[in-house]
Amino acid sequence: MSPSALKITQFCNQITNNNKIKDFKGARNGLQFRGKTKVKKVGAAVDAGAQVFKQAAQRGIDYLIVHHGIHWSTVSPKNEVKKLRQNSLKKTQISLYSS
């Protein structure tokens, strides 16, 4: 039986203790994009980006955990780059978790 993206997110929140540990000002850790509900394969990468999403999709990844997510308010790229990343996630239906 495949776990749900929600269950994996809850597990990640618990082990990263992200409610109690403060990160870089402006970082928004946790689930940043919700893709497929059922998860068959989890992957990891350092940075979130369109190329990473494409490679993850080619490898059958349903849930991707990254260190540098797509939401960093104080150092975030222009809105166009964010939109490209979000469109790539929508296309691949990969859930994205950052911590």
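If you're wondering where the values come from, they're calculated on a predicted model, not measured in any experiment. (Residues numbered from 1 in each chain as written. Predicted model: local features only at pLDDT ≥ 70, side-chain atom pairs only at ≥ 80, totals over all residues. Heavy atoms only, no water.)

S.K.: Is there a simple way to think about the pattern of salt bridges in this case?
M.R.: Where charged atoms of side chains with opposite charge meet at close range, the side chains can pair. Enumeration according to the criterion identifies one salt bridge in this entry. As a salt-bridge pair, D62 and K36 come within 3.2 Å of each other at their nearest N and O atoms. Of this pair, D62 sits in the loop between α2 (50–58) and β3 (63–68) while K36 is found in the loop between β1 (30–33) and β2 (42–47), placing the two residues 26 residues apart along the sequence. (Salt bridge = Lys/Arg side-chain N within 4 Å of Asp/Glu carboxyl O. Helix = DSSP H or I, 4+ residues; strand = E, 2+ residues; numbered from the N terminus.)

S.K.: Please explain the sheet that holds β3 as it appears in this structure.
M.R.: With respect to topology, four strands assemble into an open sheet ordered β1-β4-β3-β2, the strand pairing being mixed. Across the chains shown, the open sheet's two edge strands, defined by having one partner strand only, are β1 and β2. Each strand of the sheet is rotated relative to its neighbour by a mean of 30°, with strand direction disregarded. When β2 meets β3, the two strands line up parallel, connected through five bridges. Pairing of A44 across the sheet is with I65, part of β3. (Pairing = 2+ DSSP bridges. Axes fitted to C-alpha atoms, helices over the stretch in contact; angles between N-to-C directions.)

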